[in-house]
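Commentary on secondary and tertiary structure
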Amino acid sequence: MLPLVSEEVRDKVYREAIQDVNAWRKTMIHHMKEENPEINAAIIEIATKASIDAKGVALGAYLTYKMLELAEKEGGVGIEGLLE
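Throughout what follows, the structure given in this document is the object of discussion. Source: prediction; values computed, not measured. (Residues numbered from 1 in each chain as written. Predicted model: local features only at pLDDT ≥ 70, side-chain atom pairs only at ≥ 80, totals over all residues. Heavy atoms only, no water.)

Regarding the environment of Leu59
Here is the rule we go by: Under the DSSP-based scheme used, a helix requires at least four consecutive residues in state H or I and a strand at least two consecutive residues in state E, with every element numbered from the N terminus. In this analysis, two residues are considered to be in contact whenever any of their non-hydrogen atoms come within 4.5 Å of each other.
As for its placement among the helices and strands, Leu59 is situated in helix 4 (residues 54–73). If we ignore the near neighbours within four places in the chain, the residues touching Leu59 are Val21, Trp24 and Arg25.

Below you can see the structure in the form of C-alpha cells.
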C-alpha cells in the first residue's frame, strides 16, 4: 500500500523543485533511471504521447513519485495503518 504523504514531505519536495524546476526534473530523470527504470520509461512514454505539455506531465509524475518515496522512507503508513 502507498504511504500517506504528510504536509511536511509535500512542502519539502515542493521547495526543492520550485527553486529550478527544469534542473529538478532533469535530476529526477536520472534518479528514476537508476531507481525504477520501468516507471521512468512509462512516465516519459505517456508524457510524449500526451496532447498537453509533455514536460508538465513528467514533472507532475516525478513530484508524485518523490513525495511517495520520501513518505515511505520516513515510515509513512497507508490508510490501512491509520484504521488499525
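Here's the deal with the pattern of salt bridges
This is how the line gets drawn: A pair is scored as a salt bridge if a Lys or Arg side-chain nitrogen falls within 4 Å of a carboxyl oxygen belonging to Asp or Glu. Residue burial is assigned from relative accessible area. The probe radius is 1.4 Å, only protein chains are included, and a residue is buried under 20% of its type maximum, exposed over 50%, and partly exposed in between.
Using the criterion set out here, one finds three salt bridges in the structure. Between Asp11 and Arg10 there is a salt bridge, with its nearest N and O atoms 3.1 Å apart. As a salt-bridge pair, Lys49 and Glu45 come within 3.2 Å of each other at their nearest N and O atoms. Here the residue Lys49 and the residue Glu45 both occupy positions in helix 3 (residues 37–49), the gap between them amounting to four residues, near one helical turn. The class of Glu45 is partly exposed, set by a relative accessible area of 43%.

Thoughts on helix 2 (residues 21–35)
Defined as follows: To estimate how far a helix should reach, multiply one less than its number of residues by 1.5 Å. The directions considered for the arc run from the helix axis to the C-beta atoms.
For helix 2, with 15 residues, the first-to-last C-alpha span of 20 Å sits near the 21 Å given by 1.5 Å per residue. Restricting attention to buried positions, one finds in helix 2 the residues Trp24, Arg25, Met28, Ile29 and Met32. All buried residues of helix 2 project into a common sector of 150° when viewed along the axis, lining one side. Turned more than 90 degrees away from the buried face of helix 2, the exposed residues are Thr27 and Glu34.

So, to be careful, I would describe these as geometric facts and stop short of saying anything about function.
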